[in-house]
Amino acid sequence: MLIEIEKKSQTYQFEANAGEKLLYAGLRAGIPLPFECATGTCGSCKARVTQGEVDEGWSEAPGKERFKVVKREILMCQCSAQSDCSLSVPTKIVAFRDDDINPDHHIGVITQYEKLTEDVLRFNVEIPTNISFHAGQFFVLQAPEVNGFRAYSMVNYSPGTNQLEFIIKQNPHGGLSKWIFDSDRTQEKLELFGPLGHATFHPDESHDLFMIAGGSGIAGLMSILEYGRQVNYFKNRKASLFFGVRTPADFFFAERLRAVKAQFPDTVSINIAFSNAPPTAEQLSGNDGLIYLQGMVHEHALPAVLEGGGNVMHYLAGPGPMVDALIRPLILKSKIPVHRVRYDKFS
Ligand SMILES: Cc1cc2nc3c(=O)[nH]c(=O)nc-3n(C[C@H](O)[C@H](O)[C@H](O)COP(=O)(O)OP(=O)(O)OC[C@H]3O[C@@H](n4cnc5c(N)ncnc54)[C@H](O)[C@@H]3O)c2cc1C
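None of the values given here were measured: they were computed from a predicted structure.

To continue, consider the sheet that holds strand β11 (residues 150–153). Taken together, the six strands give an open sheet; going across it, the order is β11-β10-β13-β8-β9-β12, and neighbouring strands pair in antiparallel fashion. Each end of this open sheet is capped by a strand with a single partner; those strands are β11 and β12 (161–169). Mean inter-strand twist for the sheet, computed between neighbouring axes without regard to direction, equals 40°. Of the pairings in the sheet, the one linking strand β10 (residues 138–142) to β11 comprises four bridges and is antiparallel in character. Bridging from a neighbouring strand, phenylalanine 139 pairs with tyrosine 152 of β11. Strand contacts of helix α2 (residues 175–182): β8 (104–117), β9 (120–131), β10, β11, β12 and β13 (189–196), with the helix running at about 105° to β12, the strand carrying the most contacts.

Enumeration over the complete set of coordinates arrives at 23 salt bridges. Taking the shortest distance from any N to any O, the salt bridge between glutamate 205 and arginine 97 comes out at 3.6 Å. Of the two residues, glutamate 205 sits in the loop between β13 and β14 (208–214) while arginine 97 sits in the loop between β7 (85–88) and β8, which places them 108 residues apart along the sequence. Accessibility expressed as a relative area gives 24% for glutamate 205, which makes it partly exposed. In this structure, the salt-bridge partner of lysine 169 is aspartate 119, at a minimum N-O distance of 3.3 Å. With lysine 169 in strand β12 and aspartate 119 in the loop between β8 and β9, this residue pair connects regions lying 50 residues apart in the sequence. The exposure class of aspartate 119 is buried, given its relative accessible area of 13%. Taken together, the salt bridges that share partners define one network made up of Arg97, Asp99, Asp204, Glu205 and Arg342.

Let us look at the site of the ligand. Near the ligand lie 27 residues; those nearest to it are Thr39, Thr41, Ala151, Gly175 and Leu176. At 2.6 Å from an oxygen atom of the ligand is found a main-chain nitrogen or oxygen belonging to leucine 176. Contact with the protein chains hides 85% of the accessible area of the ligand, taken as 970 Å² for the molecule alone. Of all the elements, β11 adds the most residues to the shell around the ligand, at four residues. Per-class residue counts for the shell around the ligand are eleven nonpolar, twelve polar and four charged.

Taken as a whole and judged by the stated rule, the model has 16 aromatic pairs. Pairwise contacts between aromatic rings join Phe133, Tyr157, Phe201, Tyr227, Tyr233, Phe234 and Phe264 into one cluster. The aromatic ring of phenylalanine 67 is capped on one face by lysine 46, whose charged end is 5.1 Å from the ring centroid.

Attention now moves to the domain arrangement of the protein chain. Domain annotation of the protein chain identifies domain 1 (2–88), domain 2 (104–196) and domain 3 (203–346). For domain 2 versus domain 3, the separation of C-alpha centres amounts to 23 Å. Of the residues lining the interface, 17 residues belong to domain 2; the matching set on domain 3 comes to 19 residues. When domain 2 packs against domain 3, the two sides together hide about 1400 Å² of surface, and 61% of this comes from carbon and sulfur. One can count two salt bridges joining domain 2 with domain 3. In this structure, the salt-bridge partner of glutamate 165 is arginine 256, at a minimum N-O distance of 2.8 Å. For the interface between domain 2 and domain 3, the tally reads five residue pairs in polar contact (both at pLDDT 80 or more). Listed by contribution, the elements that provide at least two residues to the side of domain 2 that touches domain 3 are β8, β9 and β12.

Before going further, it helps to examine the sheet that holds strand β1 (residues 2–7). Across a sheet, strands are paired by hydrogen bonds formed along the backbone, either parallel or antiparallel in direction. Strand order in this open sheet of five strands is β2-β1-β7-β3-β5, and the pairing throughout is mixed. Each having just a single partner strand, β2 (10–15) and β5 (73–75) make up the two edges of the open sheet. Each neighbouring strand pair of the sheet contributes to a mean axis angle of 35°, computed without reference to strand direction. Note: β1 against β7, four bridges, orientation parallel. Looking at the pairing, glutamate 6 lines up with serine 88 of β7.

Orientation of helix α3 (residues 218–230) relative to helix α4 (residues 254–263), taken along the N-to-C sense of each, is 35°, at an axis distance of 11 Å. Crossing handedness for the pair α3 and α4: left-handed. Contacts between α3 and α4 involve Met222, Leu225 and Arg229 from the former and Arg256, Leu257, Val260 and Gln263 from the latter. Residue composition of the contact of α3 with α4, grouped by class: four nonpolar, one polar and two charged.

Reading guide: rules and limits
- Residues numbered from 1 in each chain as written.
- Predicted model: local features only at pLDDT ≥ 70, side-chain atom pairs only at ≥ 80, totals over all residues.
- Heavy atoms only, no water.
- Pairing = 2+ DSSP bridges.
- Helix = DSSP H or I, 4+ residues; strand = E, 2+ residues; numbered from the N terminus.
- Axes fitted to C-alpha atoms, helices over the stretch in contact; angles between N-to-C directions.
- Contact = heavy atoms within 4.5 Å.
- Salt bridge = Lys/Arg side-chain N within 4 Å of Asp/Glu carboxyl O.
- Buried < 20%, exposed > 50% of the residue type's maximum accessible area, 1.4 Å probe, protein only.
- Near = heavy atom within 4 Å.
- Polar contact = N/O pair within 3.5 Å; in protein donor to acceptor, adjacent residues only side chain to side chain.
- Areas by Shrake-Rupley, 256 points an atom, 1.4 Å probe, with all protein chains shown as cover.
- Nonpolar A, V, L, I, M, F, W, Y, C, P; charged D, E, K, R; others polar.
- Phe/Tyr/Trp six-rings, centres within 6.5 Å; stacked < 30°, edge-to-face > 60°.
- Lys NZ or Arg CZ within 6 Å of the ring centre and 35° of its normal.
- Domains from an automatic or database assignment.
- Buried area = accessible area lost by both parts, 1.4 Å probe.
- Left-handed = near helix turned anticlockwise from the far one by under 90°.

As structure tokens, this is what we get:
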């Protein structure tokens, strides 16, 4: 099917396969369409159908709650074309970085499966070809018998790899969460599409990094730390990480974080905030180089933000309410320019 997208004086054309989500087809063709979650919740990939027929897919998608049916407003991440179509996109279409990688469809196999805590799983997916992705990006995954794609950020980083490492926080009522936590899924196949996302780290931008993660929000930030470690970025640049979990028993990736701190003791600071319990006596001894705190992660992180932002890129990742609680004070109170804040809301 031929899809034409119009935005003011610009027109883009691309082919979409039968059943393929319009957003994925457009991104695959290198068109910089607007999106955030790419899975039906945020509403950023809104478009209006001006000609042709579409299958709207997930009818209860929260992202289209306020859309006007009479105006044929749709979510491009949920719709597929049933004929050639013309769409208009209200949001600004912004070109990506020159070195961005066009996302694509893959079939992957789960090769590693490990429980990190009571409710956090780590798993690896092997895909048939080597790909590149930016540190901080995500893929959308679809499990057998579970309708729809879900977004998960890569934990690992490698300039070319067929291994994607993910973590997933258990959501007792979640379809994919239930599927993956129910039993060891090693050797199960998944559909994937990616890489996606703009909360990315690029050493050539030469910023210091200020990163705040809640729970599984640490995933993409681990990828950023890993890339920085590989290219010795923190030899000359600072990184501060604030990572919030509920209790010491919920803290994972301790070894990996200690290794980054040990490699760059003077430039990297890693702060772990427990919201529901105090740190252990051993943690408070400071022997492992990490700083342990009690309280909500944003309450500890915000006072450490440099007013005006300086030459710092800010990364926020985790539950939507945590990210929302940070964006306003960062921009309005600490006067951080909008382009110095990159975030992923885990909705
Ligand atoms: C950019 C980004 C990165 C993320 N990275 C991580 C991560 O690294 N680790 C982590 O634990 N969480 C991550 N999340 C959050 C994670 O995507 C959600 O927690 C996850 O979607 C919950 O899925 P579920 O199956 O457990 O819950 P459910 O409630 O079953 O599903 C929630 C989501 O699945 C999709 N969905 C549900 N039903 C349908 C349907 N019928 N048709 C189509 N789609 C449907 C929608 O996207 C919906 O919001 C990330 C989110 C975003 C936006």
